Amino acid sequence: MVEAIIAAIIGLFAGAGGTVVYTRTKVAGGKHKADQLLADAKHKSSDIVLKAKDEALKLAEDAKKEESERRKLWDKTEARLADRESSLDRKLDELDRRAENLRAQEDEVEDLKNEIRDIRTRQQEKLEKIAGLKKKEAAEKLMQMTERDIKQDLTGLVDKLQNEAKDNAEEKAQLILVSAMERMSSEVTAERTVTALKLTDDEMKGRIIGKEGRNIQALQRATGVDIMVDDTPGMVILSSFDPLRRQVARLSLEMLMKDGRIHPGRIEEVVAKAQKEISKEVTRAGEDAAREVGVVGIPKELIQLLGELKFRTSYGQNVLMHSTEMAHMAGLIAEEIGADVRVTKIATLLHDIGKAVTHKVEGKHHHIGAELARKYGMSDEIVHAIEAHHDDIEATTPEALVVRVCDALSAARPGARNISAENFAERMRDLENIANSFKGIEKSFAISAGREVRVIVRPENVDDLSAIKLARDIANKIESTMQYPGTIKVNVVRETRAIEYAK
């Protein structure tokens, strides 16, 4: 047992000694290898250092070379700047010399000016001494002589030009007017105060008259037109000085005959409808006239009044046709003489616009028309041309003169006007205006060719006794203010109506 233990211990020491020997051998090998690696590293590091030194030397040489080149450039730049500086110095010296020369020349010129002034003064003194006149006196005398000579020449020249202008102006005006009349052609129609309406059959006459004349009385009362039913077969005559009323009556009768129901209540409805239709026709007539003439921008209120002229006459001449014809001629003449064509056309088209309201407004139609144009925003040139188309206002613009000339041309054509018809219409309007001047009048109509005035009063304002007195007062005023042949019947109508509605 003890021997075995001893053998184990000896084996243990033997193994440890082998291990130590192996370890020492390995350490010696590692040291040798490290020395070899260190030697290789030193050799490589020496090569790197050498390469770095070579590169550093190369960089230093390049830097020196670049610095040398930069120095050369700087030297060239400095030399160029030095040359420029010297050149500028030379130029400044040259400018200084020129300035000195200019100052010397200015002094010399000033001396010459002073010398010339002295010479002129001495010459002026000598001239004044020789002529015995001062400078101002001589200038005035010379101007007077020159003015006298020139004035005589100018007077002769002005007289010559005026005579030539008069001769040429008259001839040129004739050519312009003749040219305008040749280029303008329009129909000549005379509006009459009577309209004949054809009936569908003879029995229609009895229906129009109605029982005890109720229908025809209601129709005459509503329209203000005298309806004459005589023995003429198939015809009824509508008589009124106002063409607008005749149109309303004609249209009302046509509508009644077409409808077949003819009685007082229906008559009032149809007359109201006919008045609306005529109002639309009036508007269309005004718009068509403006479109035909070729003008725009006229207010709708003036267009409405212009359309009413379709049913107005002046000495038998239709006023709307007269105005349209004038506007065409005015445009031609204005273009020839260089006037404003638009202003001339509008003023000519609206020159008689006042005639549409003369039965409502007191005054002459051209003054009324000018006020209407001014009220609705027309320009001052148009207003003046409208107001000056008659002789009581002086025409101060070419457009106003053209309007006046065209008015005379249109009215002076043979057959264009009928003086007696105009006088008749004027007398009819005077009769109605006299009746309307009294209080309590609803409406009044001059009928039967002026032999009767039918006055409709408001029953709440005028009683039966007052109606009798009113008729007498109207008759007295007609007798004192108008001249007329024969007698005039004043017919005052007072009608009380009671209206209720069943609901």
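Residue positions are given per chain, counting from 1 as you read along its sequence in written order. It should be noted that, the model being predicted, local features are given only for residues of pLDDT at least 70 and side-chain atom pairs only at 80 or more, the latter also being counted only at that level, while totals for whole chains, interfaces and linings use all residues. For side-chain calculations, the full set of non-hydrogen atoms in the structure is used, while hydrogens and water are omitted.

Student: Would you explain the nonpolar core in this entry?
Tutor: Taken as a class, soluble globular proteins show a tendency for nonpolar side chains to be buried jointly. As used in this record, nonpolar core signifies buried Ala, Val, Leu, Ile, Met, Phe, Trp, Tyr and Cys residues forming a set joined through side-chain atoms within 4.5 Å. Exposed residues in this analysis have more than 50% of their type's maximum accessible area, buried residues have under 20%, and partly exposed residues fall in between, with area computed by a 1.4 Å probe over protein chains only. Ile298, Leu306, Leu349, Leu350 and Met378 are the most contacted members of the largest nonpolar core, which totals 42 residues. The secondary structure listing takes helices from DSSP runs of H or I that are at least 4 residues long and strands from runs of E that are at least 2 residues long, numbered from the N terminus. If you list the elements that add at least two residues to this core, you get α6 (264–293), α7 (300–308), α8 (319–337), α9 (341–349), α10 (365–375), α11 (380–387) and α12 (398–412). The leading source of residues in this core is α8, at seven residues. Residues Ala218, Val225, Ala249 and Met255 belong to the second largest nonpolar core, which totals 27 residues.

Student: Got a minute to help me understand helix α5 (residues 243–259) in this structure?
Tutor: Each turn of an α-helix holds 3.6 residues, which means side chains three or four residues apart point in the same direction. Over its 17 residues, α5 extends 24 Å from the first C-alpha to the last, a length consistent with the 24 Å expected when each residue adds 1.5 Å. Most of α5 sits out of view: twelve of its 17 residues are buried. Burial in α5 covers these residues: Pro243, Arg245, Arg246, Gln247, Val248, Ala249, Leu251, Ser252, Leu253, Met255, Leu256 and Met257. Gly260 lies just past α5 and shows a positive phi near 90°. A helix is expected to span 1.5 Å for every residue after the first.

Student: What is the right way to read the packing of α6 against α8 from this model?
Tutor: For any two helices packed against each other, one specifies the crossing angle of their axes together with the interaxial distance. For the pair α6 and α8, the least separation of the axes is 9 Å and the interaxial angle reads 15°. Comparing the axis directions of α6 and α8 gives the class roughly parallel. Relative to α8, α6 is oriented so that their crossing is right-handed. The segment α6 lies against α8, with Ala285, Ala289, Glu292 and Val293 engaging Leu320, Thr324, Ala327 and His328. Fitted lines through C-alpha atoms serve as axes, helices being fitted only where they are in contact, and the angles separating the N-to-C directions of these axes extend from 0 to 180 degrees. Roughly parallel here means an angle under 35 degrees, roughly antiparallel means over 145, roughly perpendicular means 65 to 115, and every remaining angle is called oblique. Whether a crossing is left-handed or right-handed is set by the direction in which the near helix is turned from the far one by less than a right angle, anticlockwise for left-handed and clockwise for right-handed. The contact definition used throughout considers only heavy atoms, calling two residues in contact when any of these lie within 4.5 Å.

Student: Mind showing me how you'd approach a negative patch on the surface here?
Tutor: A cluster of like negative charges, contributed by Glu106, Asp107, Glu108, Glu110, Asp111, Glu115 and Asp118, occupies part of the molecular surface. Of note, Asp118 is situated in helix α1 (residues 2–131). With a relative accessible area of 42%, Asp118 lands in the partly exposed category. Residues enter patches when they are more than 30% accessible in relative terms and free of salt bridges; like-charged ones are connected within 9 Å and nonpolar ones (Val, Leu, Ile, Met, Phe, Trp, Tyr) within 5 Å. Note that accessible areas follow from Shrake-Rupley with a 1.4 Å probe, and for residues the cover is restricted to the protein chains shown. By definition, a salt bridge exists where a carboxyl oxygen of Asp or Glu is found within 4 Å of a side-chain nitrogen of Lys or Arg. In this tally, Asp and Glu contribute negative charge and Lys and Arg positive charge; neither His nor the terminal groups of the chain are included. A charged residue contributes its charge at one atom only: NZ of Lys, CZ of Arg, CG of Asp or CD of Glu.

Student: Is there a simple way to explain α9 in this structure?
Tutor: Most of α9 sits out of view: seven of its nine residues are buried. Buried within α9 we find Val343, Thr344, Lys345, Ile346, Ala347, Thr348 and Leu349. Contacts described as polar in this section are N or O atom pairs within 3.5 Å, which, within protein, must combine one atom able to donate a hydrogen with one able to accept it, while residues neighboring in sequence count only if both atoms come from side chains. Sitting at the head of α9, Asp340 places a side-chain oxygen 3.1 Å from the backbone nitrogen of Arg342.

Student: Could you clarify how one ought to interpret the environment of Glu268 in this entry?
Tutor: One can find Glu268 in helix α6. The exposure class assigned to Glu268 is partly exposed, which follows from its relative accessible area of 36%. Separated by 50 residues in sequence, Glu268 and Ala218 place their C-alpha atoms 7.7 Å apart.

Student: What's the story with the packing of α10 against α11 in this structure? I'm lost.
Tutor: Running from N to C, α10 and α11 cross one another at 165°; their axes reach a closest spacing of 8 Å. In terms of their interaxial angle, α10 and α11 are classed as roughly antiparallel. In terms of crossing hand, the pair formed by α10 and α11 is right-handed. Seen from α10, the contacting residues are His366, His367, Gly369, Ala370, Ala373 and Arg374; seen from α11, they are Val383, Ile386 and Glu387. When residue character is reported, Ala, Val, Leu, Ile, Met, Phe, Trp, Tyr, Cys and Pro are called nonpolar, Asp, Glu, Lys and Arg charged, and the others, Gly included, polar. Across the contact of α10 with α11, the residue classes tally to four nonpolar, three polar and two charged.

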